[in-house]
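Residue-level structural notes
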Amino acid sequence: MSREQHIARTFVELADTLVEDFDVIDFLHQMTVRCQELLDVTAAAVFLAHPGPHLHSPAPCDPDPALQRVLEAARHQGPAVDAHRTAQLVTPSSPADAAARWPQFAHHLQHAGYTRAIALPMRLRQNVLGSLLLLSAGDRPLNADDLALAQALADAATIGLLQARTIRQQHAVNEQLHTALQSRIIIEQAKGILAARSNITLNQAFDALRHHARHHQTLLSKVAHDVIDTGFTPAIPRPRTETSGSE
């Protein structure tokens, strides 16, 4: 499909939250996947505010260890925190600028092989839910068009989350956000078990969990629990392609 078609499809996906079985973790993970496909970035992550001093990152669900360390540092210091606090785009002018502003975050960023990090607020008028962090391993900063698209994606995801919270009881989505980190631990355990059991990679194991959850319209965390508790083994889907994205 063309890039324009891919963008249109993505905004339809981000609007599709008015469903009975809305899964906030899968929704946010899909957003990070689409950011990687549509923007000139290496990785993307969503950070959400919740009671407590720090942001939480429910997506991506399957970060590698180096990225995980970056995301953990980003909860406490860096562009994601500043974008949430100011409700503005945060884009350091250079790696040296990032190191001066956020030394601990910049250390993990460089160690993981990333050269640039920017963050955009996830906001709707006075509501600022968190921020979208975009990481790049290249030398080129995002151009103005890509920055505008990234903010539009963040805004659309924010509207989707607020819609879901409105149409359902307000505490339902809040509860999912609160338990997202616990669910991710379960998903990580299930990935490891399934990868060892089926002799596949961790990425293939995650694709199998997610494909089964979507195909059977059930929560990703429930499939993960079944793998751990009952020995259930989902079918291994074909590898994802660059044109089709993650399904």
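Residues numbered from 1 in each chain as written. Predicted model: local features only at pLDDT ≥ 70, side-chain atom pairs only at ≥ 80, totals over all residues. Heavy atoms only, no water.

**Looking at the packing of helix 2 (residues 24-38) against helix 9 (residues 202-215)**
Defined as follows: For every element, the axis is a line fit to its C-alpha atoms; helices are fit only across the contacting stretch, and the angle between N-to-C directions ranges from 0 to 180 degrees. Numbering of helices and strands runs from the N terminus; a helix is a DSSP stretch of H or I covering at least four residues, while a strand is a stretch of E covering at least two. An angle counts as roughly parallel when it lies under 35 degrees, as roughly antiparallel when it exceeds 145, as roughly perpendicular when it falls between 65 and 115, and as oblique in every other case. Each crossing is labelled by how the near helix is turned from the far one, with a counterclockwise turn of less than a right angle marking it left-handed and a clockwise turn marking it right-handed. The contact criterion used throughout is that any non-hydrogen atoms of two residues lie within 4.5 Å. For this classification, Asp, Glu, Lys and Arg are treated as charged, while Ala, Val, Leu, Ile, Met, Phe, Trp, Tyr, Cys and Pro are nonpolar and the rest, including Gly, are polar.
Between helix 2 and helix 9, the shortest axis-to-axis distance is 12 Å and the interhelical angle comes to 125°. Of the possible angle classes, the one that applies to helix 2 and helix 9 is oblique. Along this stretch, helix 2 crosses helix 9, giving a crossing that reads as left-handed. On helix 9, the residues that touch Asp26, His29 and Gln30 of helix 2 are Phe206, Arg210 and Arg214. Its residues assigned to classes, the contact of helix 2 with helix 9 shows 1 nonpolar, 2 polar and 3 charged.

**Observations regarding the sheet that holds strand 1 (residues 43-48)**
This is how the line gets drawn: By this definition, two strands are paired if DSSP reports at least two bridges between them.
Across the sheet, which stays open at both edges, the 4 strands sit in the order 2-1-4-3 with antiparallel pairing between neighbours. This sheet does not close on itself; its edge strands, each paired only once, are strand 2 (56-59) and strand 3 (116-124). Here the strands of the sheet are splayed against their neighbours by 30° on average, with no regard to which way each runs. Relative to strand 4 (residues 127-136), strand 3 is paired through 9 bridges, and the arrangement is antiparallel. Across the sheet, Ile118 pairs through a bridge with Leu134, a residue of strand 4. Helix-sheet contacts for helix 2 involve strand 1, strand 2 and strand 4, and the interaxial angle to strand 1 is about 145°.

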